[in-house]
Amino acid sequence: MSIKIMNVFPMIHSITIDKENDLVTELVQDLYDADSVRANLLAAVAEVKMYESINYYPLKKPEFIDDVMGSFAQMGLSRHITISDNTYHEINGYRGCTRVWELPVVLRDQVEKALVGYEVEYDSETWEILKITDTKE
């Protein structure tokens with residue numbers, strides 16, 4: 001058993017901005033509690049294991065962090081990765097921006113600080129998710 005711990009940050013669903021005051025008033029992430037993070041990770045692990053069971057490796061054998069976290073789960077491994085995500089976000093109150101990284105730095109910083117992260121304890125050999133707690137940084 002090889003126990004490891006990593007932090008994850010669920011992807012951003014929507015952001016509400018008060019443009020006149022340069023203020024992020026609401027941030028909603030795709031996953032909102034430890035139970036939803038666990039369910040998402042379990043689904044991602046099952047998908048990677050299914051590919052592994054049929055011996056389908058597009059480029060290399062799956063690894064927990066690279067494949068489960070990076071490709072199959074709805075999470076980033078850091079705040080920076082999460083705000084740099086290239087998917088479209090619902091950004092209310094700031095026309096013309098559809099991704100967090102398009103916002104001015106003052107707003108990006110507020111989004112980054114508002115992200116809720118989770119500490120995931122897992123077995124890197126069996127890919128069992130042992131414990132998930134929010135980081136409350």
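In the block above lies the structure referred to throughout.
Small disclaimer: the values here were computed from a predicted structure and weren't measured.

A. Seen up close, the nonpolar core. Val-8, Val-37, Leu-41, Val-68, Met-75 and Val-120 are the most contacted members of the largest nonpolar core, which has 18 residues in total. Secondary-structure elements contributing two or more residues to this core are strand E1 (3-10), helix H1 (34-53), helix H2 (64-72), strand E6 (118-123) and strand E7 (129-134). At five residues, the largest contribution of residues to this core is made by H1. Dropping the residues within four chain positions of it, Leu-41 is found in contact with Val-68, Met-69, Ala-73, Met-75, Val-120, Ile-129 and Ile-132. Core analysis: the next-biggest nonpolar cluster, separate from the first, contains 15 residues, Ile-17, Val-24, Leu-27 and Leu-103 among them.

B. How the structure looks around the pairing of strand E2 (residues 12-18). Pairing analysis gives six bridges linking E2 to strand E3 (residues 23-29), with the strands arranged antiparallel. Bridging across to E3, Ile-15 finds its partner in Leu-27. Between E2 and E3, which pair antiparallel in sequence order, lie four residues; one of them, Asp-22, sits at a positive phi of approximately 50°. As paired strands, E2 and strand E5 (residues 90-92) are joined by three bridges and run parallel to one another. Residue pairing for E5: Ser-14 is matched across the bridge by Glu-90.

C. Just the sheet that holds E2, in detail. Pairing is mixed in the open sheet, where three strands are placed in the order E3-E2-E5. Two strands close off the open sheet at either side, each with one partner strand: E3 and E5. Averaged over all neighbouring strand pairs, the angle between strand axes comes to 15°, with direction disregarded. Strands in contact with helix H4 (residues 105-114) are E2 and E3; relative to E3, the strand with the most contacts, it is inclined by about 40°.

D. Representation of the sheet that holds E6 in the model. Reading across the sheet, the four strands line up as E4-E1-E6-E7 and stay open at both edges, with antiparallel pairing between neighbours. A single partner strand is all that each edge strand has here, and the edge strands are strand E4 (75-76) and E7. Judged from the two bridges that link them, E1 and E4 form a sheet pairing that is antiparallel. Note on E4: the bridge partner recorded for Phe-9 is Gly-76. Against the sheet, H1 touches E1, E4, E6 and E7, its axis set at about 145° to E7.

Conventions adopted
Residues numbered from 1 in each chain as written. Predicted model: local features only at pLDDT ≥ 70, side-chain atom pairs only at ≥ 80, totals over all residues. Heavy atoms only, no water. Core = buried A, V, L, I, M, F, W, Y, C linked by side-chain atoms within 4.5 Å. Buried < 20%, exposed > 50% of the residue type's maximum accessible area, 1.4 Å probe, protein only. Helix = DSSP H or I, 4+ residues; strand = E, 2+ residues; numbered from the N terminus. Contact = heavy atoms within 4.5 Å. Pairing = 2+ DSSP bridges. Axes fitted to C-alpha atoms, helices over the stretch in contact; angles between N-to-C directions.

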